[in-house]
Amino acid sequence: MEAVQALNHVGIAVRSLAEQRPFYEGVLGAVYEGEEEVASQQVRVAFYKVGDVRMELLEPTGPESAVAKFLEKRGEGLHHLAYTVDNLPQRIEQLKAQGVRMIDDAPRTGAHGMAIAFLHPKSSCGVLTELCQPVDH
Ligand code: CMX
């Protein structure tokens with residue numbers, strides 16, 4: 001199978017986006033790029049640019065959000081890794097044929113308008129893994 005192209009972003013679950021800003025901007029000096037609500041996932045997301053990679057901070061907007069459940073069970077911390085791919089629909093079919101357990105059977109729209117699909121952490125060595133295809137790919 002064709003290799004994934006790059007690490008696209010690192011997802012970090014937080015209780016409050018506002019409370020994290022002094023650390024990411026003031027301590028790390030990462031570039032704040034703005035915020036966006038992803039209503040379908042019940043999350044509000046803040047982006048910080050670090051070289052070619054983004055840190056994606058995720059704050060839940062409702063109790064049914066996957067991030068709210070994660071915070072309840074595990075507390076704040078690393079939530080997922082996302083890799084850039086080409087041709088996401090074809091890759092999802094290849095993964096399913098390999099027996100990989102997918103959370104998303106088909107691409108859906110995530111932050112920045114990207115097409116995204118999650119692999120189940122039980123099929124990705126315990127690390128929730130997202131594949132994403134940016135709009136210009
Ligand atoms: N990383 C690693 N493991 C995780 C995890 C994570 N982020 N979230 C859950 N798990 C593990 C749990 O620890 C649990 O393991 P055990 O069975 O060993 O205890 C297992 O996965 C099942 O977890 P659960 O708490 O019972 O929760 P659910 O099965 O209800 O949901 C998951 C887990 C991963 C399927 C769900 O969180 C999901 O669908 N995530 C994908 C969507 C998402 O996270 N969206 C937010 C970001 C949106 C964006 O970036 O746009």
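Remember, predicted model here, so these are calculated numbers, not experimental data.

Thresholds applied
- Residues numbered from 1 in each chain as written.
- Predicted model: local features only at pLDDT ≥ 70, side-chain atom pairs only at ≥ 80, totals over all residues.
- Heavy atoms only, no water.
- Near = heavy atom within 4 Å.
- Polar contact = N/O pair within 3.5 Å; in protein donor to acceptor, adjacent residues only side chain to side chain.
- Areas by Shrake-Rupley, 256 points an atom, 1.4 Å probe, with all protein chains shown as cover.
- Helix = DSSP H or I, 4+ residues; strand = E, 2+ residues; numbered from the N terminus.
- Nonpolar A, V, L, I, M, F, W, Y, C, P; charged D, E, K, R; others polar.
- Buried < 20%, exposed > 50% of the residue type's maximum accessible area, 1.4 Å probe, protein only.
- Arc of directions from axis to C-beta.
- Contact = heavy atoms within 4.5 Å.

S.K.: Requested: an account of the site of the ligand, with residues and values cited.
M.R.: For the ligand, the set of nearby residues contains 18 residues, the closest of which are Q41, E56, K73, R74 and K122. K73 has a polar side-chain atom sitting 2.6 Å from an oxygen atom of the ligand. Side-chain polar atom of K122 to an oxygen atom of the ligand: 2.7 Å apart, as the coordinates give it. When the ligand sits alone it has 970 Å² of accessible area, and the protein chains cover 71% of it. Listing elements by their share of the shell around the ligand, those giving two or more residues are β4 (53–60), α2 (66–74) and β5 (77–84). Looking at which element gives the most residues to the shell around the ligand, the answer is α2, with five residues. When the residues that make up the shell around the ligand are grouped by side-chain class, the tally is eight nonpolar, five polar and five charged.

S.K.: Residues and numbers for helix α3 (residues 88–97), please.
M.R.: Buried within α3 are the following residues: L88, R91, I92 and L95. All buried residues of α3 lie within an arc of 105 degrees about the axis, which places them on one face of the element. Among the structural elements, β7 (115–119) and β8 (129–133) are those in contact with the buried residues of α3. One or two residues past the end of α3 sits G99, with phi positive at roughly 90 degrees.

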